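Here are the chains, one letter per residue:
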Amino acid sequence: MKALQVSRVTKSYGKTTVLNGVSFEMAPGERVALMGPSGSGKSTLLNCVGGIDRPDSGEIRVGDADLSGLDETGLCQLRREKVSTIFQFFHLLPTLSAAENVEFPLQLLGWEEAKRREKVESLIAEVGLAKRSHARPHELSGGEMQRVAIARALAIQPELILADEPTGNLDSATGDAILSLLEDLSERHGIAMLLVTHSRRVTEICSRTLKMRDGEIVESDEVVADESR
Ligand SMILES: Nc1ncnc2c1ncn2[C@@H]1O[C@H](COP(=O)(O)OP(=O)(O)OP(=O)(O)O)[C@@H](O)[C@H]1O
Ligand SMILES: [Mg+2]
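Conventions used here
Residues numbered from 1 in each chain as written. Chains lettered and ligands numbered in written order. Predicted model: local features only at pLDDT ≥ 70, side-chain atom pairs only at ≥ 80, totals over all residues. Helix = DSSP H or I, 4+ residues; strand = E, 2+ residues; numbered from the N terminus. Rg over C-alpha atoms; globule rule 2.2 N^0.38 Å. Buried ≥ 20, exposed ≤ 12 C-beta atoms within 10 Å, placed from the backbone. Contact = placed C-beta atoms within 7 Å. Core = buried A, V, L, I, M, F, W, Y, C linked by C-beta atoms within 7 Å. Pairing = 2+ DSSP bridges. Near = placed C-beta within 6 Å. Nonpolar A, V, L, I, M, F, W, Y, C, P; charged D, E, K, R; others polar. pLDDT = per-residue confidence, 0-100.

**Overview of the overall build of the protein chain**
The helix and strand inventory of the protein chain stands at 7 helices and 10 strands. The C-alpha radius of gyration computed for the protein chain amounts to 17 Å, which stays within 12% of the reference 17 Å derived for 229 residues, consistent with globular compactness. For the protein chain, the spread of C-alpha atoms along the three principal axes comes to 45 × 40 × 40 Å. Residues classed as buried in the protein chain amount to 39% of the 229 residues present. Sequence separation of at least 24 residues holds for 68% of the intrachain contacts in the protein chain that already meet a minimum separation of 6.

As structure tokens, this is what we get:
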């Protein structure tokens, strides 16, 4: 089974066509970079794949879930159980501590407290934040906030992580550390990742780069060929 199948997806806002027949697939555990000029439709595509937005036509499958067959409740469930998104500006809940932000999706899934605590502790340690678990977002650096967001994304053990410019708000050394962490986590947990980026560095942790222009994928280059896929 594919981690993601996108077929002939279109999306318009009023008279403006933002996605114009986008098709591509991702294998389980694969990391793919999505590049393209500002306004080419990258975030719109990511939002459609993540169930935050809906295409006008075409098909999106995440694992065995066909998104067009899901109502709002179904899309909400998809976001809670199967797909996590990481954003440029972290989107942490400001009143919650690092650990509580990571715990939040597990509360939504109805995990009991002891199991949640145990999971959160191991996730926080995995992203290297054991000493900062009680800090609130405003007390953390950008890199630390992104580590919290990554731990939160991992909590549900997703099949697919979507990242919209995950290093866009970080200096290059911090960005590199975040990319190494994402690469390592993707390898160890077998999670597929679709990474929107303006940075060539992100493409170095990906096996392929898709290039978008005016709502279309205009180029797809295989950086590392992997016969097993
Ligand atoms: N909710 C919306 N309503 C109307 N137009 C929108 C909406 N969201 C995006 N657009 C338009 O769709 C086009 C694609 O936007 P999108 O955010 O997907 O681009 P992007 O490739 O992510 O750009 P960037 O690199 O700047 O983040 C833009 O012209 C944008 O103005
Ligand atoms: Mg964008």
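**Things to note about the nonpolar core**
Formed by 60 residues in total, the largest nonpolar core has its most connected members in Leu160 and Leu194. Considering every element that reaches this core, the biggest residue donor is helix α5 (residues 142-155), with 8 residues.

**Side note on the sheet that holds strand β2 (residues 16-26)**
Pairing within the open sheet is antiparallel, and its 4 strands lie in the order β2-β1-β4-β5. Edge positions in the sheet fall to β2 and β5 (65-66), since each has one partner strand and no second.

**Description of unusual backbone geometry**
Here His91, not a glycine, exhibits a phi torsion of approximately 55°, which is positive. Of note, His91 is situated in the loop between β6 (83-87) and α3 (98-108). One non-glycine residue, Gln157, lies in the positive phi region at around 55°. Residue position: Gln157 is located in the loop between α5 and β7 (160-164). In this structure Gln157 comes out as exposed when scored by C-beta crowding, with 12 C-beta atoms within 10 Å.

**A word on the site of ligand 1**
Taken together, Tyr13, Val18, Gly36, Ser38, Gly39, Ser40, Gly41, Lys42, Ser43 and Thr44 make up all the residues around ligand 1. Broken down by element, the residue count for the shell around ligand 1 peaks at 3 residues, all from helix α1 (residues 42-49). Residues that form the shell around ligand 1 fall into these classes: 2 nonpolar, 7 polar and 1 charged.

**Side note on the environment of Pro158**
Note on placement: Pro158 falls in the loop between α5 and β7. Those residues within four positions of Pro158 in sequence are excluded, and the remaining contacts are Lys82, Val83, Ser84, Ala153 and Ile191.

**What about α3?**
When α3 is considered as a whole, its buried residues turn out to be Ala98, Ala99, Asn101, Val102, Glu103, Pro105 and Leu106. Buried residues in α3 make contact with α2 (72-81), α4 (113-126) and α5. Immediately beyond the C-terminal end of α3, within one or two residues, lies Gly110, with a positive phi of roughly 80°.

**Topic: the environment of Gly74**
When you line up the elements, Gly74 lands in helix α2. Residues Gly74 and Gly51, 23 residues apart in the sequence, show an inter-C-alpha distance of 9.1 Å.

**Notes on the confidence of the model for the protein chain**
For the protein chain, the average pLDDT comes to 94, and 97% of its residues sit at 70 or higher. This model gives residues 224-229 a pLDDT under 50, and the stretch forms 4 contacts once residues within four places in sequence are excluded.

**Notes on the pairing of strand β3 (residues 31-35)**
Counting buried positions along β3 gives 5 out of 5 residues, so the element sits mostly inside the fold. Burial along β3 is two-sided: Arg31, Ala33 and Met35 and Val32 and Leu34, pointing in opposite directions, are all buried. Sheet analysis places β3 next to strand β9 (residues 208-213), joined by 4 bridges and oriented parallel. Bridge assignment links Val32 to a residue of β9, and that residue is Arg208.

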